[in-house]
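Structure at a glance
One-letter residues, chain by chain:
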Amino acid sequence: PGTNWPARLAAACRQRAEAAGRTADLTVEFSNGRPALDYHPLEDVILELLANALQASRPGDAIRIRGDAAPGHYVLKVCDEGVGLPPDGLEPGGGRPFGQNAPCGFGLAVVQFILRQAHGRLELDHADADATCLRVTLPAA
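Thresholds applied
- In this convention, every chain numbers its residues from 1, walking through the sequence in written order.
- Two thresholds apply to this predicted model, a pLDDT of at least 70 for residue-level local features and 80 or more for giving and counting side-chain atom pairs, whereas whole-chain, interface and lining totals are computed over all residues.
- Hydrogens and water are ignored here; the side-chain numbers use all heavy atoms of the structure.
- Cysteine sulfurs are considered disulfide-paired once they come within 2.5 Å of each other.
- To qualify as a helix, a DSSP run of H or I must reach at least 4 residues; to qualify as a strand, a run of E must reach at least 2; elements of each kind are numbered from the N terminus.
- Every case where a carboxyl oxygen of Asp or Glu lies within 4 Å of a side-chain nitrogen of Lys or Arg is listed as a salt bridge.
- Each residue is placed in one exposure class: buried if its accessible area under a 1.4 Å probe, protein chains only, is under 20% of its type's maximum, exposed if it is over 50%, and partly exposed if it falls in between.
- Residues grouped as a nonpolar core are buried Ala, Val, Leu, Ile, Met, Phe, Trp, Tyr and Cys residues, joined through side-chain atoms within 4.5 Å.
- In what follows, a contact means two residues having at least one pair of non-hydrogen atoms within 4.5 Å.
- To get an axis, a line is fitted to the C-alpha atoms, and for a helix only the part in contact is used. The angle between two axes follows their N-to-C directions and goes from 0 to 180 degrees.
- Angles below 35 degrees are treated as roughly parallel, those above 145 as roughly antiparallel, those between 65 and 115 as roughly perpendicular, and all remaining angles as oblique.
- Crossing handedness follows the turn of the near helix against the far one: under a right angle anticlockwise gives a left-handed crossing, and clockwise gives a right-handed one.
- Gly is put with the polar residues, along with every residue not named as nonpolar or charged; the nonpolar set is Ala, Val, Leu, Ile, Met, Phe, Trp, Tyr, Cys and Pro, and the charged set is Asp, Glu, Lys and Arg.

**Focus: the state of the cysteines**
The full count for this structure, using the stated rule, is one disulfide. Here Cys 79 engages in a disulfide with Cys 133; their sulfurs sit 2.1 Å apart. Here Cys 79 is found in strand 3 (residues 73-80), whereas its partner Cys 133 is found in strand 5 (residues 132-139), with 54 residues between them in sequence.

**Comments concerning the pattern of salt bridges**
Tallied over the entire structure, the rule returns nine salt bridges. The residue Lys 77 makes a salt bridge to Asp 125 at a minimum N-O spacing of 3.3 Å. Placement of the pair is Lys 77 in strand 3 and Asp 125 in strand 4 (residues 121-127), with a sequence separation of 48 residues. Taking relative accessible area as the criterion, Lys 77 reaches 31% and is therefore assigned partly exposed. Classification of Asp 125 by relative accessible area gives partly exposed; the value is 31%. The residue Asp 125 makes a salt bridge to Arg 135 at a minimum N-O spacing of 2.2 Å. With Asp 125 in strand 4 and Arg 135 in strand 5, the pair connects residues that are ten residues apart, well separated along the chain. Where salt bridges share partners, they join Lys 77, Arg 121, Glu 123, Asp 125 and Arg 135 into one cluster.

**A look at the nonpolar core**
One finds Phe 30, Leu 49 and Ile 65 to be the most contacted residues of the largest nonpolar core, which totals 33 residues. Where this core is concerned, the elements lending two or more residues are helix 1 (5-19), strand 1 (26-30), helix 2 (39-56), strand 2 (63-70), strand 3, helix 3 (106-117) and strand 5. For this core, the leading source of residues is helix 2, giving nine residues. Other than its neighbours up to four places away in sequence, Ile 65 contacts Cys 13, Leu 26, Thr 27, Val 28, Glu 29, Phe 30, Ile 46, Leu 50, Lys 77 and Val 78.

**Focus: the environment of Gln 112**
Relative to the helices and strands, Gln 112 resides in helix 3. Given a relative accessible area of 19%, Gln 112 falls into the buried group. Placed ten residues apart in sequence, Gln 112 and Leu 122 show a C-alpha to C-alpha distance of 6.3 Å.

**Let's talk about unusual backbone geometry**
Positive phi outside glycine occurs at His 119, with the angle close to 60°. On the accessibility criterion, His 119 (69% relative accessible area) is exposed.

**Some remarks on the packing of helix 1 against helix 2**
Where helix 1 contacts helix 2, the axes come no closer than 10 Å and their chain directions differ by 30°. One element, helix 1, and the other, helix 2, form an angle in the roughly parallel class. Judged by the sense of rotation from one axis to the other, the crossing of helix 1 with helix 2 is right-handed. Residues Trp 5, Arg 8, Leu 9, Ala 12, Cys 13, Arg 16 and Ala 17 of helix 1 touch helix 2, and the partners they reach there are Tyr 39, His 40, Leu 42, Glu 43, Ile 46, Leu 47, Leu 50, Ala 51 and Leu 54. Looking at the contact of helix 1 with helix 2, its residues break down into twelve nonpolar, one polar and three charged.

Written out as structure tokens, the structure is:
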């Protein structure tokens, strides 16, 4: 994604949160390291996960996006304190997110397709009725 991808992606995330009136709810932090995925698909993945988090949470609920280098990988986490996601919520035909305002899941299918093409994966790291944390693992560049 180039050397300035963290600043560009953080700015895109803040712009999305600002458009939703949720600037104060968002924390974004990307460490050094580079995922082996071009910038635009990476931006699509993160902004889709952020859009889901914004839709599944209320103003005042924290949304955290963090990226960290790991041996041979780059790990991104998108966590929110919204309506939650059932344990099978990432499976094809799996359960629906909790709550009336939860995202429909189509964007998650697109995210999973992009990640499969990049030899990455999307996993439910933590979910309950009060919070959801999704983990994206990509090969390191």
